[in-house]
Every structure is written in C-alpha cells, then in structure tokens.
Amino acid sequence: MTGIPYTWEEGLVIMGIMMVMLVIAIGLSVWKKIGIAREYTYAMIRGGLQLFAAATLLYFLFEFEYWYYPIWLLLIAMALMGGYTSARRAGKMPKAYRITTPSILVGGTVVLIVLRVSGAMPFKPQFVIPLAGMVFGNAMTICSLALNRLTREFETNKPTLETMLSLGATPKEAMEEYGRMSIKAALIPNIDSLKTLGIIFIPGSMAGLLIAGTNPILAAEYQIIVYLMVIGGGIITSIMVIALSRRLLFTKAQQIAEWV
Amino acid sequence: MSILTIKKAKKMLGDARALRGLSLDLEKGEIISLVGPSGSGKTTLLRSMNRLIELDSGSILFQGENIADMDPVALRRKVVLVPQESVMLQGTVKENVQYGPKLAGAVGKCDVGRCLRDAGLSPKFAGKDAEKLSGGEKKRVALARALALHPEVLLLDEPTVGVDPKKVERMEGTILKFAREKGLTVVWVTHDVPQALRVSDRIANLKKGVVKEVTNASEFRWEGAY
C-alpha cells in the first residue's frame, strides 16, 4: 500500500492544477511589486527538477540488488555538498570546508551507525537514504548556524579576545564562552521544533508514515527516534566544528588570525 | 643587564610599513617612554613584544631568549600588555583582576584589594560590574589586572588617557614604586611629553618605524619629538 490514492499519471494532472497556485502567487507578487516573482519561479523550477532527479535515482537504487555499493558514494557526496554549502556561512574564514566537511561527516555517520546498530534503521535503501538525508541535512544546518555565529562573535569581540590572550589565556580558554554561545544558538531551532512537536506541526517522517497508513502511535515513536538521532548528530557536528575552527581562528603562535 | 633586546624589527600592517628595522635595548628595572607621532610604530612595537603580532623579520630577545622560540602564553604572563583600549571582560571588577592569576593557577596569591589600590581605585570597586565603569576607571582596572600577574615587563599603551589628574599621579607613583622596589621594567607609550619626562629613566623617540634617538629623560629635547 502506498497511501497515495492516485497513479503517477493522475498525479501529474493534479500537480498541473496546483501550479495555478504558483501562478496566482506570482501574479500577486507582480501586482503588489513584492519583487519575489523571478526568484520564486526559479526556486520552484530548480527545486522541482532536483527532486525529480533524486526520485529517479532513488527509483533505480531501490530496484538495484547491489544498492549498497553506490550508497557510500552518495553519503560522501552528501557530506561534501553539506561541507561546501556550510563553509559559505563562515564569513571571511579561508578554507572553512576543511572544518565543515569532517564535522558533518562525523556527526552524520555516528548517528547512522547508532540507528543501524539499534535496529531503528533496517539496511534497506528505503530507510538508509531518507534517514541519511535528514541526518546530514540537519548536521549541515547546525554546522552553518554554529560557524556563522562563531565568526561573527570573533569579528565583533576581537578586542576582548586579544585582552584575554594578552593576560595569558590560551586560544581554547579565550574562545570557550563564544564557542558555547555558538553551539547553543545553533541548536535553538531544533529545540524549539522539539517543543512544538505534534502541536504546531506534524514533522516530515511522521507525516509520511501516516500517509503510508502506519499506526499513529508507531509513527510518533519512530519520529521521536529520528528526532533524537538527528539532534544527537547536530550536537556532535556543532561541538566538532567549534573545536576544529580554533585552528583557523588562531595562528600557531596563539594570535588571532589576520583574516578576522 | 638587558631584559629585552629588539634587533632590526620589521613589520608590515597591510600596505603600511609599521616597523622599519627598529632596534632598542631595555634594561631591567628601567622605565622607558616611547614618544613620537601617530603611525610611528609605538603600538605595533608593544604588540610585537608580547607576541600579539609576529614580526616579519628581526628578533626580540627576552632575557636572552628569542621570543619566537618561547611559548606565547608563558611570555604574555611575564611581559604583560595594557592596551590603549581598556576592554573589560564580562563580570565584576574582582573577576577581571583575578582573570590572569586564575588561568595561571595562582588565584590564591592574588590580593584584589591591593591591586586595585595600587592602580588608584578603592577596594570597594571589587564587586562592581566592570563593563559599567567610566573610561578612566576601566583604565585603572586594566592596570590592576596587569599588576595582578606580577609581570617582569609591563607594556603600557597610553594608560592614563581619560583618567583624572589626581588618579594619574597615583598610577604614575605605583608604577615608579614597582620599578624601583621590584625591578619591574616598564615600556610606556605616551603622547604626553611632560608625563614622559616625569616618569621615565629614558625616552625613545620613534619616527616612521625606527628609533630616531634614545636619551636620558633629563636630556630630552622637545623639538625633535614631533
């Protein structure tokens, strides 16, 4: 049972009808001169094409007997993409991908291993791929938020950091408070969404399971497992990115790096 | 005996040549003032002396050892900088004064009241929020914070700007006492030439990143200084 009450051909027609919504939104944007029409259209087309490309890939992977061979490449590609995307949030920090990629890779992989060992993730592409996407995606978001906050703190508090160094603090001691603040700030969206679980929104995996006809209690249970893992991965990633960024924020002579 | 020897120090800051082969020798227990126009390299020299920045070429020897080979943290606890901008760390005045000793594992030996008195502040200030102090009070907390580390060399960058004259007298007196009684070496950057004449044993006149001349304070001539 798929849970979706129509065939894929019928789905195309429904999608076409839904496009009317997009046209109305664009029309309103042009009329009210909001200025988002071009970007909205571009985002919609790009997002749609990406999703269909991913769906085609998944379709073949799900059918492929030896699906687990290419999966490693896919996981590494997810971490690399996440690392490069996240590095762009690091302000002027040079070669930030050197710290974002390993942080996302480690945070995501640890979680996937725990999911697999605990039995929550059967070794099937239908489970591994979407869960990996969720875990790596969240790790990337948290990595970006943490790094963005940390570099901003450094740029605005350079005199304070130098005062600490000149009073004999090591780089680790000087950045401790800013690191803590950055990790906390990066985790706020996750914590807030945890608090509102089931009240304001039904999260993605649970919604998917419900549509597919899973018992709501079982779906909620699975959602909580997924959330715990996703947040765990985020915490590992954020701690790692802050620890690794020390190498780029300070010189070997324990001075603030020139780019700050 | 030389405590600090600067040899042909060169440093570029962006496109500007801040130090252009500057050399200077400092004796233990002396107070030397660095005077000269803005951009002459005074602050850059101070920041190089405790390795907040690295020289491009040349060397600085502390007690005969090249500071480039020393652990920067250990050096900064002995050669302490009081920067021009007195940034207060979050917390009380007491926490600020104890910051350095705490990191060095010597908070037990830190007499906060004494340090504050030496810097011209009442010990009653200890419990105040450091960030809410006036500019002049912050300057004095910054001095107290540096003295709490029992430095061997104190690098002062315009330490009395914004401090009222009576307190300036107190601060100058403390630094002179530390130099005479405890052998503290002081490098004092100032634009206030009368102050340089009051407190210094020697005055070094800097221009365009080099030492133009070093004289005993009593022989210093105003004319060439700016």
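Here we summarise the structure given alongside this text. Note that this is a predicted model, so its numbers are computed, not measured.

## A look at the overall build of chain B
Item 1. Looking only at helices and strands, one finds seven helices and 10 strands in chain B.
Item 2. Computed over its C-alpha atoms, the radius of gyration of chain B comes to 17 Å, within 12% of the 17 Å expected for a compact globule of 226 residues.
Item 3. Summarising its shape, the C-alpha atoms of chain B cover approximately 45 × 40 × 35 Å along the three principal directions.
Item 4. Buried positions account for 55% of the 226 residues belonging to chain B.
Item 5. Total accessible area computed for chain B in this model is approximately 9900 Å², and 50% of it derives from carbon and sulfur atoms.

## Side note on the interface of chain B and chain A
Item 1. Listed by partner, the interface residues are 22 residues for chain B and 16 residues for chain A.
Item 2. For the chain B face of the interface with chain A, the top three residues by lost area are Leu 52, Arg 76 and Tyr 99 of chain B, together amounting to 30%.
Item 3. Taken together, the links from chain B to chain A amount to one salt bridge.
Item 4. Among the salt bridges present, the one from Arg 47 of chain B reaches Glu 162 of chain A, with a minimum N-O distance of 2.7 Å.
Item 5. Linking chain B with chain A are six residue pairs in polar contact (both at pLDDT 80 or more), by the criterion used here.
Item 6. The set of elements that each furnish at least two residues to the side of chain B that touches chain A consists of α2 (72-78), β6 (79-82) and α3 (93-103) of chain B.
Item 7. Residue composition of the side of chain B that touches chain A, by class: 11 nonpolar, two polar and nine charged.

## Comments concerning the side chain of Thr 215 of chain B
Item 1. The residue Thr 215 of chain B is located in strand β10 (residues 210-216) in this model.
Item 2. Residues in contact with Thr 215 of chain B, not counting those within four places in the same chain, are Asp 201, Arg 202, Ile 203 and Phe 220 of chain B.

## Concerning empty space enclosed by the protein
Item 1. Under the criterion given, the structure shown has one cavity of 30 Å³ or more.
Item 2. The volume enclosed by the largest cavity comes to roughly 40 Å³.
Item 3. Listing elements by their share of the lining of the largest cavity, those giving two or more residues are α6 (158-166) of chain A together with β6 and α5 (135-147) of chain B.
Item 4. No other element matches α5 of chain B, which puts three residues into the lining of the largest cavity.
Item 5. For the lining of the largest cavity, a count of residues per class yields six nonpolar, two polar and one charged.

## Overview of the nonpolar core
A general tendency of soluble globular proteins is for nonpolar side chains to be buried together.
Item 1. If you look at the biggest cluster of nonpolar residues, it comprises 118 residues, and the most contacted ones within it are Leu 24, Met 49 and Leu 154 of chain B.
Item 2. In terms of residues, this core owes the most to one element, helix α5 (residues 125-156) of chain A, which gives 13 residues.
Item 3. Apart from the residues within four sequence positions on either side, Leu 154 of chain B is in contact with Val 80, Val 82, Leu 143, Ala 146, Leu 147, Leu 184, Thr 185, Val 186 and Val 187 of chain B.
Item 4. Ranked by size, the runner-up nonpolar core spans six residues in total, among them Val 35, Ala 196, Ala 217 and Phe 220 of chain B.

## Some remarks on the sheet that holds strand β4 (residues 57-62) of chain B
Residues and elements named next belong to chain B.
Item 1. Pairing within the open sheet is antiparallel, and its four strands lie in the order β2-β1-β4-β5. Both edges of this open sheet fall to β2 (16-27) and β5 (65-66), since each of them pairs with a single strand only.
Item 2. Against the sheet, helix α1 (residues 42-49) engages β1 (2-13), β2 and β4, with an angle of about 60 degrees to β2.

## Considering helix α9 (residues 216-249) of chain A
Item 1. With 34 residues, α9 of chain A extends 48 Å between its outermost C-alpha atoms, agreeing within 8% with the 50 Å of an ideal straight helix rising 1.5 Å per residue.
Item 2. Where α9 of chain A starts, the residue carrying a side-chain oxygen 2.8 Å from the main-chain nitrogen of Ile 217 of chain A turns out to be Asn 215 of chain A.

## So, helix α1 (residues 8-31) of chain A
All names here are of chain A.
Item 1. The end-to-end C-alpha distance of α1 is 35 Å, a good match for the 34 Å that 24 residues give at a rise of 1.5 Å each.
Item 2. Considered for burial, the residues of α1 that qualify are Gly 11, Leu 22, Ile 26 and Ser 29.
Item 3. Here the buried face of α1 lies against α2 (37-63).
Item 4. After α1 finishes, the residue Lys 33 shows a positive phi value of roughly 55 degrees.

## Notes on the packing of α2 of chain A against α5 of chain A
For any two helices packed against each other, one specifies the inter-axial angle together with the distance between the axes.
All names here are of chain A.
Item 1. For the pair α2 and α5, interaxial distance at closest approach is 10 Å and the crossing angle is 145 degrees. Residues Leu 58, Leu 61 and Phe 62 of α2 lie in contact with α5, whose contacting residues are Pro 125, Gln 126 and Ile 129.
Item 2. Looking at side-chain class alone, the contact of α2 with α5 contains five nonpolar, one polar and no charged residues.

## Here we look at the pattern of salt bridges
Note on pairing: side chains with opposite charge can pair once their charged atoms come close.
Item 1. If you walk through the whole model with that rule in mind, you get 10 salt bridges over all chains.
Item 2. A salt bridge links Arg 51 of chain B to Glu 54 of chain B, with the shortest nitrogen-to-oxygen separation between them at 2.6 Å.

## Points about unusual backbone geometry
Item 1. Backbone geometry at Gln 254 of chain A places phi at a positive 60 degrees, although glycine is not the residue there.
Item 2. Mapping Gln 254 of chain A onto the fold places it in the segment after α9.
Item 3. Backbone geometry places Lys 208 of chain B, a non-glycine residue, at a positive phi of 45 degrees.
Item 4. Tracing the backbone shows Lys 208 of chain B in the loop between β9 (202-207) and β10.

## Section: the pairing of strand β7 (residues 153-157) of chain B
Residues and elements named next belong to chain B.
Item 1. With five of five residues buried, β7 is to be regarded as a mostly interior element.
Item 2. Side-chain alternation along β7 places Val 153, Leu 155 and Asp 157 on one buried face and Leu 154 and Leu 156 on a second face that is also buried.
Item 3. Pairing analysis gives four bridges linking β6 to β7, with the strands arranged parallel. Bridging from a neighbouring strand, Leu 81 pairs with Leu 155 of β7.
Item 4. In this sheet, strand β8 (residues 185-189) lies alongside β7 in parallel orientation, the contact comprising five bridges. Across the sheet, the residue bridging to Asp 157 is Val 189, located in β8.
Item 5. For the crossover that starts at β7, traverses helix α6 (residues 165-182) and ends in the parallel β8, the hand is right-handed.

Conventions adopted
Residues numbered from 1 in each chain as written. Chains lettered and ligands numbered in written order. Predicted model: local features only at pLDDT ≥ 70, side-chain atom pairs only at ≥ 80, totals over all residues. Heavy atoms only, no water. Helix = DSSP H or I, 4+ residues; strand = E, 2+ residues; numbered from the N terminus. Rg over C-alpha atoms; globule rule 2.2 N^0.38 Å. Buried < 20%, exposed > 50% of the residue type's maximum accessible area, 1.4 Å probe, protein only. Areas by Shrake-Rupley, 256 points an atom, 1.4 Å probe, with all protein chains shown as cover. Contact = heavy atoms within 4.5 Å. Buried area = accessible area lost by both parts, 1.4 Å probe. Salt bridge = Lys/Arg side-chain N within 4 Å of Asp/Glu carboxyl O. Polar contact = N/O pair within 3.5 Å; in protein donor to acceptor, adjacent residues only side chain to side chain. Nonpolar A, V, L, I, M, F, W, Y, C, P; charged D, E, K, R; others polar. 1 Å grid on protein atoms, 1.4 Å probe; cavity = no way out; pocket = protein on both sides within 12 Å on 5 of 7 lines; lining within 4 Å. Points joined across faces, edges and corners; volume = space filled by probe spheres on them. Core = buried A, V, L, I, M, F, W, Y, C linked by side-chain atoms within 4.5 Å. Pairing = 2+ DSSP bridges. Axes fitted to C-alpha atoms, helices over the stretch in contact; angles between N-to-C directions. Expected span 1.5 Å × (residues − 1). Right-handed = clockwise from strand over helix to strand, strands pointing away.

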